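Chain residues, written in single-letter form:
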Amino acid sequence: MKSWAAGFRQFVIKVASRCDLACDHCYMYEHVDQGWRLQPHFMSDEIAQAIAGRIADHAAFHDLRQVRVVLHGGEPLLAGPARLDAIAAHLRSAVGPRHLLDLHIQTNGVLLDERFCEVFARNDIKVGISLDGDRTANDRHRRYADGRSSFDQAVRAIDLLRERHRELYSGLLCTIDLANDPIEVYKSLVALGPPDIDFLLPHATWDRPPPRPDGDAVAYGTWLIEIFDQWIRDGRPTQVRIFDSLLKMRRGGSSLSEALGLDPTDLLVIETNGDYERSDALKTSFERAARTGMNVLSHDLDQVAAVTADEQAFTLSSTCRSCPVLESCGGGLPAHRYRAGSGFANPSVYCADLFRLINHVAENVPRYVPQGLSGTDFEDLASGRFESRTLTALLKMQSDARRVLVATAARRCGPAGAASWSLLLELDQAAPQIVTDLLMRPYVRSWATDGLVNAGYLAELTLTAAVEAGIGSALDGPAGRTDDSRDIRAGALRLRIDDHDPYRACYGTPVAQPLSRPQLNDLRSTVTAAWHLIEREHPHHASDLATVLNTITPFDPYRSAPARARAVRSAPGAIGMSIGDDLLDLASQLVRENRRTIAGLALDAFDLVHPEAQHLAERFKTAYAANAMLDFWRAHTGHVPVRAGTMLAHWASLLDEAVRDLLESTSLTNLGRRFVTTMRDAATTHF
C-alpha cells in the first residue's frame, strides 16, 4: 500500500502563514481545514533553529546523503529577505556541513526582486513560480483579493530569473482548469523556459468533487493527454513531472511525485508554529486531517516517523489493489480518495482520468522510447550475457534522454542557444538520423552537463547537421570535423579519433593535442590490431564494442607502457586511451571500459541506486567490468596460463569486494539489488 516512509527526506517549511493573493483554488485557505487562522503570521527564529537541528539529527541518524527542503507558505516572500536569509543560514549551518541540502522556495512571484535574488543566490535556493498559463488562464484564479490580476508581476519575476538569475530558476507549477485550452497553457508555459513544469490536478474529494463540464468522467485525463502528445512531438523541451514520472516508472524507476506510484511518502510539512503535519493536500479532506499533534520543540522526527509510518487510515481500497495500473497510479493522492464515512479507502476522485492517462502513455510510449526490457532481458543484461537488441534498447533510451538534455542546455545558453535548437529541430524533420547521430556524439553530453554551457558549441553542431544534410557550407570546427584520416574502420567497428572536441578533457588525465598524420596512423593500426584480436577470440565482446563504442580520444602522450584506457559516464560511447605494444593488454582494456560504459547505460536507464547515493555507481561499474574481465581472461588460460591466472585472481577479488560493498549498502534499490545479485550469481556459475 502507499504509506508514509519510516524516515523523511523532504520537508516543506511554512515560513509564512498568510498570502498576498486570494486564489480561489487554494487548498490552504479555501477548503475545510482553516487551521491557518491559528498560526503566527511568520516563523520565529527559535522555530527555524529548532527545525534545522531536528533535520540535521534525522539526516545523520539515517545517514541521508541529501535532504530536500522547500520554503513555503502562504506566500513565503512575505517573510522578507532578512528572515528568509536567516532561515536558510540556520539550515545550511546545521544540515549543510554533513549532507547535501537541496533548498527550494515556491512562490507566486509577485514580490520577487533583486533583494530576494541576492539572498537566494547566496544560499543556493532554487525558485519555483506558480503560474496557471497565459493571462486569461492565470487570471481565472490567481488574483488579488480586490480582483486585480497578478499575471504581470508573476511574469516579471520569471523574466528576472531567466535573464539575470537563470541558475536559480527551478520551474513552474500550474493548477489545471478545464476551462483553459491545454495546448495554449502548455505553449505559454514552455515559452517561459522553465527547467520543469508541474501540472497539478485541483484538490478535490468525493464530497467536494472537481468540476466536470458535461459530466465527462475523463476530462482531466484528456486534458493532460493533449499536452503529453504535444510534448512528445516537441521533443520533450522541458521536464514535465507527471509525464516524466510515468515514463520513469515504466523503466522500473520511482515516481518523481507523491501523486503517483507506490513508493512510501517521505515528505513532512512543518507549520509556521513548528507543528509537524502530513501532506498539505489532506487539508482538503476534513478539519485536522493533516495534523500529527507533535511539534518541533517537543518531538524529534523519528517520533513523527514512527506514527505516520504505522497509519492504517490510508490503506488502499480493494478496487485500487486489484487495478492493473496500480503500480503507476498508486491510488493517487490520499486526499483525492477521501469520502465522509469510508475515509480514504476509496479510488481517487480522478480514478478514471488517471487510468486513461496511464494507459495512453503505456500504449504510445513505444513510439517515443523503447519498451521497458522484459524480465528475461533484464536478467541477461545483469549477467553480462545479453542480446544485441538489449544494447540497442539502452542506446535508444540514451538517445531520447540526450535530446531532453540538449534542449535544457540550449535554454541555458539564452537566445543564441534557443535559435540553434530551433534550427536543429527543423533539420530533424528533414534528416532525423543525421541529427540523432550528432546528438549522440559522446562529448555532446559533456557539453550539456557543463556548468557554463557554450552556445557556440551548439551552433557548430547545428551547422554540422546542416552540412551533412546537404544544406550550408563546409565546416571546420571542433564539434563538426569529419576528417576521414581520423576514422577507424575494421569489420563491424566504426570509430572516430576525436582529438579536437573542446569537451573531450573529461577523463581526469591530460588529453593529447591534435595528432600528426604518422601518430594517427600508428593509433589506427594499433587499435585495429587489438580489435582483430577481440573479434577472433571474443566475438560476443566484439559485437558489444561495435554497437556501443564510436569514439577514441588519445591521452597525452598517445603512447605509453603499459597502455591506459578509461570510459566516463559523462561521455558514453567514447574511450580515452594511450596505446602500447601489448595488444592483449590493450584488447582487455577496450573490453573492460566498454563494459563500464554499458554499466553506465544501465544506471541511466534503470533506478539501480537511490538518487542520493550516486557514489555507488563506480562500485557498480567496477563489478560489471570485473565480470567481463573474468570472461576475457578465462579464454586465454591455454596460451598465457600464468598471466591469465594472475588476472583471473585479481578480477575475482575485485568483483567479490565490489559486490559485497554494494549488497551491504542500504542505497541499492530493489531493482539494483536484483541486478547485483544476478551479476554475482552469473560470475559464480560461469567461473
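Procedures and definitions
- Residues numbered from 1 in each chain as written.
- Predicted model: local features only at pLDDT ≥ 70, side-chain atom pairs only at ≥ 80, totals over all residues.
- Heavy atoms only, no water.
- Helix = DSSP H or I, 4+ residues; strand = E, 2+ residues; numbered from the N terminus.
- Buried < 20%, exposed > 50% of the residue type's maximum accessible area, 1.4 Å probe, protein only.
- Contact = heavy atoms within 4.5 Å.
- Areas by Shrake-Rupley, 256 points an atom, 1.4 Å probe, with all protein chains shown as cover.
- Core = buried A, V, L, I, M, F, W, Y, C linked by side-chain atoms within 4.5 Å.
- 1 Å grid on protein atoms, 1.4 Å probe; cavity = no way out; pocket = protein on both sides within 12 Å on 5 of 7 lines; lining within 4 Å.
- Points joined across faces, edges and corners; volume = space filled by probe spheres on them.
- Nonpolar A, V, L, I, M, F, W, Y, C, P; charged D, E, K, R; others polar.
- Pairing = 2+ DSSP bridges.
- Axes fitted to C-alpha atoms, helices over the stretch in contact; angles between N-to-C directions.
- Salt bridge = Lys/Arg side-chain N within 4 Å of Asp/Glu carboxyl O.

## Examining the overall build of the protein chain
So, point 1. Looking only at helices and strands, the protein chain has 24 helices and 15 strands in total.
So, point 2. Across its three principal directions, the C-alpha atoms of the protein chain cover 80 × 55 × 50 Å.
So, point 3. Looking at the protein chain as a whole, 57% of its 687 residues are labelled buried.
So, point 4. Of all intrachain contacts in the protein chain linking residues separated by at least 6 positions in sequence, the fraction that spans at least 24 positions is 71%.
So, point 5. Surface accessibility of the protein chain: about 27,100 Å² in total, with carbon and sulfur atoms responsible for 52%.

## A closer look at the nonpolar core
So, point 1. Counting 88 residues, the largest nonpolar core has Ile 55, Val 69, Leu 71, Leu 91, Phe 120 and Phe 199 as its most contacted members.
So, point 2. When near neighbours in sequence (up to four residues on either side) are disregarded, Phe 199 contacts Cys 174, Ile 176, Val 185, Leu 189, Trp 223, Leu 224, Ile 227 and Val 240.

## Observations concerning empty space enclosed by the protein
So, point 1. Scanning the model with the defined rule gives seven cavities of 30 Å³ or more in all.
So, point 2. Lining the second largest cavity are Ala 567, Val 568, Arg 569, Pro 572, Arg 596, Thr 597, Gly 600 and Lys 621.
So, point 3. Ranked by the residues each element gives to the lining of the second largest cavity, the list is headed by helix H21 (residues 583-605), at three residues.
So, point 4. Among the residues forming the lining of the second largest cavity, the class breakdown is three nonpolar, two polar and three charged.

## Some details on the sheet that holds strand E15 (residues 574-579)
So, point 1. Taken together, the five strands give an open sheet; going across it, the order is E11-E12-E13-E15-E14, and neighbouring strands pair in mixed fashion. At either margin of the open sheet sits one strand with a lone partner, and together these are strand E11 (487-490) and strand E14 (564-566). Each strand of the sheet is rotated relative to its neighbour by a mean of 25 degrees, with strand direction disregarded.
So, point 2. Pairing of E11 with strand E12 (residues 493-497) involves four bridges; the strand directions are antiparallel. By the bridge assignment for E12, Ile 488 is matched with Leu 495.
So, point 3. Seen against the sheet, H21 touches strand E13 (551-559), E14 and E15 and runs at an angle of roughly 160 degrees to E15.

## Details of the pattern of salt bridges
So, point 1. Scanning the entire structure with this criterion turns up 37 salt bridges.
So, point 2. In this structure, the salt-bridge partner of Asp 198 is Arg 241, at a minimum N-O distance of 3.4 Å. Residue Asp 198 is found in strand E6 (residues 196-200), and its partner Arg 241 is found in helix H8 (residues 241-250); the two are separated by 43 residues along the sequence.
So, point 3. Given the relative accessible area of 12%, Asp 198 is considered buried.
So, point 4. On the basis of relative accessibility, which here comes to 25%, the residue Arg 241 falls in the partly exposed class.
So, point 5. In the salt-bridge network here, residues are joined through shared partners; they are Arg 592, Glu 593, Arg 596, Glu 618 and Lys 621.

## With respect to the sheet that holds strand E2 (residues 66-72)
So, point 1. Spatial strand order, E7-E6-E5-E4-E3-E2-E1-E8-E9-E10: 10 strands in an open sheet with mixed pairing. Sheet topology places strand E7 (239-240) and strand E10 (291-295) at the edges, where each strand pairs with a single neighbour.
So, point 2. Sheet topology note: the strand E3 (residues 100-107)/strand E4 (residues 125-130) ladder contains five bridges and is parallel. Looking at E4, one finds that Ile 105 is bridged to Val 127.
So, point 3. With respect to the sheet, helix H2 (residues 80-94) is in contact with strand E1 (10-14), E2, E3 and E4, its orientation differing from that of E3 by roughly 155 degrees.

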